[in-house]
Amino acid sequence: MVFQITASLLDACVLSRLSRSDTYGYELTQDLRESLQVSESTLYPVLRRLQSSAFLKTYDVPHQGRNRRYYAITESGKKQLDEFRNDWKTYRSRIDSFLGSDA
């Protein structure tokens, strides 16, 4: 893809994925890679930023003798996701007015 993924768009994608179910970092990276070019080294700073903004919370689950850190969206994160979705609709509409849309 030739278009750059902004930090806000990546935040929105992470929150959207976590709104469906809690998950751990590696699984989240794999899910996002289905649509975006994102690496774990890119994703973990995003997760820390969202956590420090109180949009995510974490908890650990034992797995094969060690803990696996899970991420979950908070109520604040759900509100932020709603804002991202509204902003995305406006942005997409404006871009579609130039590029056209099949939808």
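Structure shown above.
Please read all numbers here as calculations on a predicted model, not as lab measurements.

**Considering the pairing of strand S3 (residues 66-73)**
Working note: regular strand, side chains alternate between the two faces of the sheet.
Line of reasoning, step 1. Two elements, strand S1 (residues 23-24) and S3, share 2 bridges in a ladder whose sense is antiparallel. Directly across from Thr 23, in S3, lies its bridge partner Tyr 71.
Line of reasoning, step 2. Alignment of strand S2 (residues 56-63) against S3, held across 8 bridges, turns out to be antiparallel. Residue Val 61 lies in a different strand from S3, and its bridge partner there is Arg 68.

**Concerning the side chain of Thr 74**
Line of reasoning, step 1. You can see Thr 74 is positioned in the loop between S3 and helix H4 (75-99).
Line of reasoning, step 2. By relative accessible area, which is 16% here, Thr 74 ends up buried.
Line of reasoning, step 3. Not counting the four nearest positions on each side in its chain, Thr 74 is found in contact with Ala 54, Phe 55, Leu 56 and Lys 57.

**Focus on unusual backbone geometry**
Line of reasoning, step 1. Even without being glycine, Ala 54 reaches a positive phi, approximately 65°.
Line of reasoning, step 2. Along the polypeptide, Ala 54 turns up in the loop between helix H3 (40-52) and S2.
Line of reasoning, step 3. Residue Ala 54 is classed as partly exposed on the basis of its relative accessible area, which comes to 40%.
Line of reasoning, step 4. Its identity as a non-glycine residue notwithstanding, Gln 64 has a phi of 50°, on the positive side.
Line of reasoning, step 5. Checked against the element boundaries, Gln 64 lands in the loop between S2 and S3.
Line of reasoning, step 6. Residue classification places Gln 64 among the exposed residues on the basis of a relative accessible area of 74%.

**Describing the environment of Ser 39**
Line of reasoning, step 1. Position of Ser 39 among the secondary structure elements: in the loop between helix H2 (25-33) and H3.
Line of reasoning, step 2. It is 16 Å that separates the C-alpha atoms of Ser 39 and Arg 17, two residues lying 22 residues apart in sequence.
Line of reasoning, step 3. Excluding anything up to four places from it in sequence, Ser 39 contacts Thr 29 and Arg 33.
Line of reasoning, step 4. Here Ser 41 takes part through its side chain, which lies 2.9 Å from a polar atom of the side chain of Ser 39.

**A few points about the packing of aromatic side chains**
For any pair of aromatic rings, geometry is given as the distance between the ring centres together with the angle between the planes.
Line of reasoning, step 1. The final tally for this structure, using the stated rule, is 3 aromatic pairs.
Line of reasoning, step 2. Consider the rings of Tyr 59 and Tyr 70, whose centres lie 5.6 Å apart with planes at 15°: the pair is stacked. Here Tyr 70 lies in strand S3 and Tyr 59 lies in strand S2, a separation of 11 residues in the sequence.
Line of reasoning, step 3. On the basis of relative accessibility, which here comes to 33%, the residue Tyr 59 falls in the partly exposed class.
Line of reasoning, step 4. With 5.8 Å between their ring centres and 40° between their planes, Trp 88 and Tyr 91 make a pair best called tilted. Note that Trp 88 and Tyr 91 are positioned in helix H4 at a spacing of 3 residues, about one turn of the helix.

Conventions used here
- Here, residues in each chain are numbered from 1, in the same order as that chain's written sequence.
- Given that this is a predicted model, residues contribute local features only at a pLDDT of at least 70 and side-chain atom pairs are listed and counted only at 80 or more, while totals for whole chains, interfaces and linings are drawn from all residues.
- For side-chain calculations, the full set of non-hydrogen atoms in the structure is used, while hydrogens and water are omitted.
- Two strands pair under a simple rule: DSSP has to find at least two bridges between them.
- What counts as a helix is a DSSP run of H or I of at least four residues, what counts as a strand is a run of E of at least two, and both are numbered from the N terminus.
- A 1.4 Å probe rolled over the protein chains alone gives each residue an accessible area, and that area as a share of the maximum for its type sets the label: buried under 20%, exposed over 50%, partly exposed in between.
- What makes two residues a contact is simply this: any of their non-hydrogen atoms within 4.5 Å.
- Definition of a polar contact: a pair of N or O atoms within 3.5 Å, with one able to donate and the other able to accept a hydrogen when the atoms are protein atoms, and with sequence-neighbouring residues admitted only if both atoms are side-chain atoms.
- We call Phe, Tyr and Trp rings a pair once their centres come within 6.5 Å, taking the six-membered ring for Trp, and we label the pair stacked below 30 degrees between planes, edge-to-face above 60, and tilted otherwise.

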